[in-house]
Amino acid sequence: MSLLSVIVPCYNEEDAIPFFYKEICKTAEELKKEFADLECEFLFIDDGSVDKTLLKVKELREGDKRVHFVSFSRNFGKEAGIYAGLENCRGDYAVIMDADLQDPPSLLPDMYRALVREGYDSAATRRVTRKGEPPIRSFFARMFYRIINRLSKTEIVDGARDYRIMTRRMVDAILSMKEVNRFTKGIYGWIGFKTKWFEYENIERVAGETKWSFWKLLLYSIEGIVAFSTTPLAFAAMLGLFFTLIAFILIIFIVIKTLVYGDPTNGWPSMVCIITFIGGIQLFCMGVIGEYLAKAYMETKNRPIYISKEEE
Ligand code: UDP
Ligand code: MG
């Protein structure tokens, strides 16, 4: 017997959950036909929803003991949801799936086969189009992946979704990374393991709305860069060095000029420009350092990644 845990982070998904449950049950049956010794469990992570999400999940549990849940004391974010799911699942295999059916369950049998038949440790998905997304958001997303892959040695795949199935070994590897500022896409790259990629076109959600505002995504992308690269720090140092060099050359130039041509006082406007420019760069670099300091500060507090209020 082996067990497959389906982990579903949910935040205000009361409308999507019934659709999702129907689909995942179909897929589970399909899997059961092909792999007679495979059982499934469905682990819903209620990420502090303020609607009837938890109630819906409890209703499902009444009729189906394969359904389990962990309910957070407040909204901790999807990353915390994923961590809680991996920590609380009992499966030999675990798959993370959105509740909105943007991660098609119909792909699951193929992904599972890649693990048991082809010897992969993990099968992951990426979307090849960003259809149905605002163009400006797609543009910034592309930029983000280009920048982070330049800055970080860890490979972060463009368009990778969180929809991924993995073996127990990989689950344990992820759980061993206890950082509070979690950026799962980077964590996958960092731990390694052999991954098979599946591609599909973007699918729009069945019900409800996206929980990601532009601002939230921007903060998340900074989190990703700070978590998986220290290059911005080196960049700040380099910038400092560069301007020191320029200042040095200018000093020599001015000293010689004064000695040769005398010293008529002028150049006040250019001075103001230079001071504000350098001032701006200094503040920027301090901001960069501050960002790392803030993350380090939060990590040293060693707070739990999530707090569960109820679980079954
Ligand atoms: N989600 C969550 N906590 C949050 C935000 C989202 O658990 O704070 C869940 C959400 O319920 C969904 C999944 O993460 O199952 C993906 O969220 P969403 O569909 O809003 O993101 P998108 O697909 O638009 O990137
Ligand atoms: Mg979605």
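Residues numbered from 1 in each chain as written. Chains lettered and ligands numbered in written order. Predicted model: local features only at pLDDT ≥ 70, side-chain atom pairs only at ≥ 80, totals over all residues. Heavy atoms only, no water.

Draft legend 1. Focus on the pattern of salt bridges. Under the definition given, this model contains 17 salt bridges. Across the pair Glu34 and Arg113 runs a salt bridge whose closest N-O atoms are separated by 2.8 Å. One end of the pair, Glu34, is in helix H1 (residues 16–34); the other, Arg113, is in helix H4 (residues 108–116), with 79 residues separating them in the sequence. Accessibility expressed as a relative area gives 23% for Arg113, which makes it partly exposed. Taking the shortest distance from any N to any O, the salt bridge between Arg61 and Glu312 comes out at 2.7 Å. On the criterion of sequence distance, the pair formed by Arg61 in helix H2 (residues 53–63) and Glu312 in the segment after strand S8 (308–311) is long-range, its members being 251 residues apart. (Salt bridge = Lys/Arg side-chain N within 4 Å of Asp/Glu carboxyl O. Helix = DSSP H or I, 4+ residues; strand = E, 2+ residues; numbered from the N terminus. Buried < 20%, exposed > 50% of the residue type's maximum accessible area, 1.4 Å probe, protein only.)

Draft legend 2. The layout of surface pockets, seen in detail. Considered as a void within the structure, the second largest pocket measures approximately 780 Å³ in volume. If you trace the second largest pocket, you find 28 residues lining it, with Leu250, Ile254, Ser270, Met271 and Ile274 closest to the centre. Mapped onto the lining of the second largest pocket, the elements with two or more residues apiece are helix H9 (231–261) and helix H10 (268–301). A total of 13 residues in the lining of the second largest pocket trace back to one element, the largest contributor, which is H9. (1 Å grid on protein atoms, 1.4 Å probe; cavity = no way out; pocket = protein on both sides within 12 Å on 5 of 7 lines; lining within 4 Å. Points joined across faces, edges and corners; volume = space filled by probe spheres on them.)

Draft legend 3. Summary view of a nonpolar patch on the surface. On the surface, Ile136, Phe139, Phe140, Met143, Ile147, Phe214, Trp215, Leu218, Leu219 and Ile222 cluster together to form a nonpolar patch covering roughly 940 Å² of accessible area. Contributions of two or more residues to the nonpolar patch are made by helix H5 (135–151) and helix H8 (214–228). Its location among the elements puts Trp215 in helix H8. Exposure remark for Trp215: the relative accessible area of 57% places this residue in the exposed category. (Patch = residues over 30% accessible without salt bridge, like charges linked within 9 Å, V, L, I, M, F, W, Y side chains within 5 Å. Areas by Shrake-Rupley, 256 points an atom, 1.4 Å probe, with all protein chains shown as cover.)

Draft legend 4. Up close: the nonpolar core. Counting 37 residues, the largest nonpolar core has Leu4, Phe42, Phe44, Leu108 and Ile165 as the members making the most contacts within it. Broken down by element, the residue count for this core peaks at seven residues, all from H1. Each residue touching Phe42, except ones within four places of it in the same chain, is listed here: Val6, Tyr21, Ile24, Cys25, Ala28, Asp64, Arg66, Val67 and His68. In this structure, Ala80, Phe144, Tyr145 and Ala173 belong to the second largest nonpolar core, which totals 33 residues. (Core = buried A, V, L, I, M, F, W, Y, C linked by side-chain atoms within 4.5 Å. Contact = heavy atoms within 4.5 Å.)

Draft legend 5. Structural context of the packing of aromatic side chains. A full pass over the atoms with the stated rule returns 14 aromatic pairs. Measuring from centroid to centroid gives 5.3 Å for Phe140 and Phe214, while their planes differ by 75°, and the two rings are edge-to-face. Of the two residues, Phe140 sits in helix H5 while Phe214 sits in helix H8, which places them 74 residues apart along the sequence. In this structure Phe214 comes out as partly exposed when scored by relative accessible area, which is 42%. Measuring from centroid to centroid gives 5.1 Å for Phe183 and Tyr220, while their planes differ by 55°, and the two rings are tilted. (Phe/Tyr/Trp six-rings, centres within 6.5 Å; stacked < 30°, edge-to-face > 60°.)

Draft legend 6. Structural context of the coordination of the magnesium ion (ligand 2). Protein-derived ligands of the magnesium ion (ligand 2) are Asp100 (OD) and Gln102 (OE1), with the metal-ligand distances lying across 1.8 to 1.9 Å. For the residue pair Asp100 and Gln102, the accessibility class agrees, reading buried in each case. (Donors = N, O, S within 2.8 Å, 3.2 Å for Na, K, Ca; no water.)

Draft legend 7. Representation of the packing of H1 against H2 within the structure. The contact between H1 and H2 brings their axes to 10 Å, and the two run at 30°. In terms of orientation, H1 lies roughly parallel with respect to H2. Two packed elements cross with a definite hand, and for H1 against H2 that hand is right-handed. Where H1 abuts H2, its residues Ile17, Pro18 and Tyr21 lie against Thr53, Lys56, Val57 and Leu60. Within the contact of H1 with H2, the residues separate by chemical class into five nonpolar, one polar and one charged. (Axes fitted to C-alpha atoms, helices over the stretch in contact; angles between N-to-C directions. Parallel < 35°, antiparallel > 145°, perpendicular 65-115°, else oblique. Left-handed = near helix turned anticlockwise from the far one by under 90°. Nonpolar A, V, L, I, M, F, W, Y, C, P; charged D, E, K, R; others polar.)

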